[in-house]
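Structural description and commentary
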Amino acid sequence: MSGTLNPLDVLVQQPSPNPAVAAAVVVLADSPPPLPSDRLDPALQAVAPHLTADERAAWVIAMGEPLLKASITTPRCVAAFLGQCSQESGGFRDMEEDLSYSAGRLCEVWPSRFPTLEAAEACALQPEALANRVYSNRMGNGDEASGDGWMFRGRGLIQITGRTAYQRFAQAMGMTLEQAVAHAATQAGAADSAAWYWSANELNVPANAWSIDLITRKINGGMAGAAERTRLCNAALQAIGA
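These figures come from a predicted structure and were not determined experimentally.

1. Looking at the overall build of the protein
Looking only at helices and strands, one finds 15 helices and zero strands in the protein. Residue burial in the protein is summarised as follows: out of 242 residues, 40% are buried.

Below is the structure:
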């Protein structure tokens, strides 16, 4: 509404005595303005055409503050973010990792852990058992019996995975570890965690350079779905009209 200051305006006009807060305000104030919702909505439609208008509106609201906090504000940054998030989340539908695999599929995805169908049977169509097996003793997780693999499975638009990642996300959000895990599975938390991951990995730099393959490697650890990720990012950028 006219005459109403947003929180950033208030901080700019009434600087905080805390040097860290004041410095952060300067950074935010110098950042490009956020992409208007009337440009964000068509970009979201381009990367997730199956979403209804109401679903897109909800995502636009959920992403507004996280995008601003992470300085994901230029057309290229927004487009790259939306394209990568769409690929990672099944078109903004899946906010939690699907770990229900057949024995045959387990042998394809994790051949070193499941070299035979017999070896895969114990985890086939058993998401919790599978997570505890394949995510044990890495990413800050404990052993298979600890249950960390299942507790810290992938969640969010860019699925953060492992105890270490969740601890870092919790710290950034000012939450306990348990709160961060629960939050990441919500729509608001899915947006928060994706924007946090993007910022923590400094992905605005390759996004502004339109180095989509580099972003893919940073997020995926490889080049899985690279062609589709590039297509989605380009579609979002075209829809934004940049």
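On we go.
2. Looking at the side chain of R56
Position of R56 relative to the elements: it lies in helix α4 (residues 53–69). Here L51 takes part through its backbone oxygen, which lies 3.3 Å from a polar atom of the side chain of R56. Once you skip the residues sitting within four places of it in the chain, R56 turns out to touch D41, L44, Q45 and L51.

3. Concerning unusual backbone geometry
Positive phi outside glycine occurs at S71, with the angle close to 60 degrees. Looking at the secondary structure, you find S71 in the loop between α4 and α5 (75–88). Using a relative accessible area of 23% as the deciding quantity, one classes S71 as partly exposed. A positive phi angle, close to 55 degrees, is found at L125, a residue other than glycine.

4. Some thoughts on helix α10 (residues 163–173)
Of the residues making up α10, those classed as buried are A165, Y166, F169 and A170. End-on view of α10: buried residues confined to an arc of 135 degrees, all on one side of the axis. Where α10 is buried, its residues meet α11 (177–184) and α12 (187–200). In the segment just after α10, G174 is the residue with positive phi, at about 70 degrees.

5. Here we look at the pattern of salt bridges
The final tally for this structure, using the stated rule, is eight salt bridges. Note that E144 and R133 form a salt bridge whose closest N and O atoms lie 3.1 Å from each other. Here the residue E144 occupies a position in the loop between α8 (127–134) and α9 (148–151), and R133 occupies one in helix α8, the gap between them amounting to 11 residues. Where R231 meets E228, a salt bridge forms, and the shortest distance between an N and an O atom there is 2.8 Å. Note that R231 and E228 are positioned in helix α15 (residues 226–240) at a spacing of three residues, about one turn of the helix. Residue classification places R231 among the partly exposed positions, given a relative accessible area of 44%. With a relative accessible area of 31%, E228 lands in the partly exposed category.

6. Quick look at the confidence of the model for the protein
In this model, the protein carries a mean pLDDT of 89, and residues with pLDDT of at least 70 account for 84%. For the protein, helix α1 (residues 7–13) is the element with the lowest average pLDDT, namely 42, and α9 is the one with the highest, namely 98. In this model residues 1–13 is a low-confidence stretch, pLDDT under 50, and it forms eight contacts with partners more than four residues away in sequence or in other chains. Segment residues 20–29: pLDDT under 50, and 10 contacts once partners within four positions in sequence are set aside and those in other chains are kept.

7. Side note on the packing of aromatic side chains
Going through the model one piece at a time under the given rule, you end up with six aromatic pairs. With a centroid separation of 5.4 Å and 80 degrees between ring planes, the pair formed by F81 and W198 is classed as edge-to-face. Residue F81 is found in helix α5, and its partner W198 is found in helix α12; the two are separated by 117 residues along the sequence. The exposure class of F81 is buried, given its relative accessible area of 1%.

8. Notes on the packing of α4 against α12
For the pair α4 and α12, interaxial distance at closest approach is 9 Å and the crossing angle is 40 degrees. When the interaxial angle is binned, α4 and α12 end up oblique. In the packing of α4 onto α12, the handedness of the crossing is right-handed. Between α4 and α12, the contacting residues are A58, W59, A62, M63 and P66 on the first element and Q187, A188, A190, A191, D192 and A195 on the second. Across the contact of α4 with α12, the residue classes break down as nine nonpolar, one polar and one charged.

The rules behind the values
- Residues numbered from 1 in each chain as written.
- Predicted model: local features only at pLDDT ≥ 70, side-chain atom pairs only at ≥ 80, totals over all residues.
- Heavy atoms only, no water.
- Helix = DSSP H or I, 4+ residues; strand = E, 2+ residues; numbered from the N terminus.
- Buried < 20%, exposed > 50% of the residue type's maximum accessible area, 1.4 Å probe, protein only.
- Polar contact = N/O pair within 3.5 Å; in protein donor to acceptor, adjacent residues only side chain to side chain.
- Contact = heavy atoms within 4.5 Å.
- Arc of directions from axis to C-beta.
- Salt bridge = Lys/Arg side-chain N within 4 Å of Asp/Glu carboxyl O.
- pLDDT = per-residue confidence, 0-100.
- Phe/Tyr/Trp six-rings, centres within 6.5 Å; stacked < 30°, edge-to-face > 60°.
- Axes fitted to C-alpha atoms, helices over the stretch in contact; angles between N-to-C directions.
- Parallel < 35°, antiparallel > 145°, perpendicular 65-115°, else oblique.
- Left-handed = near helix turned anticlockwise from the far one by under 90°.
- Nonpolar A, V, L, I, M, F, W, Y, C, P; charged D, E, K, R; others polar.

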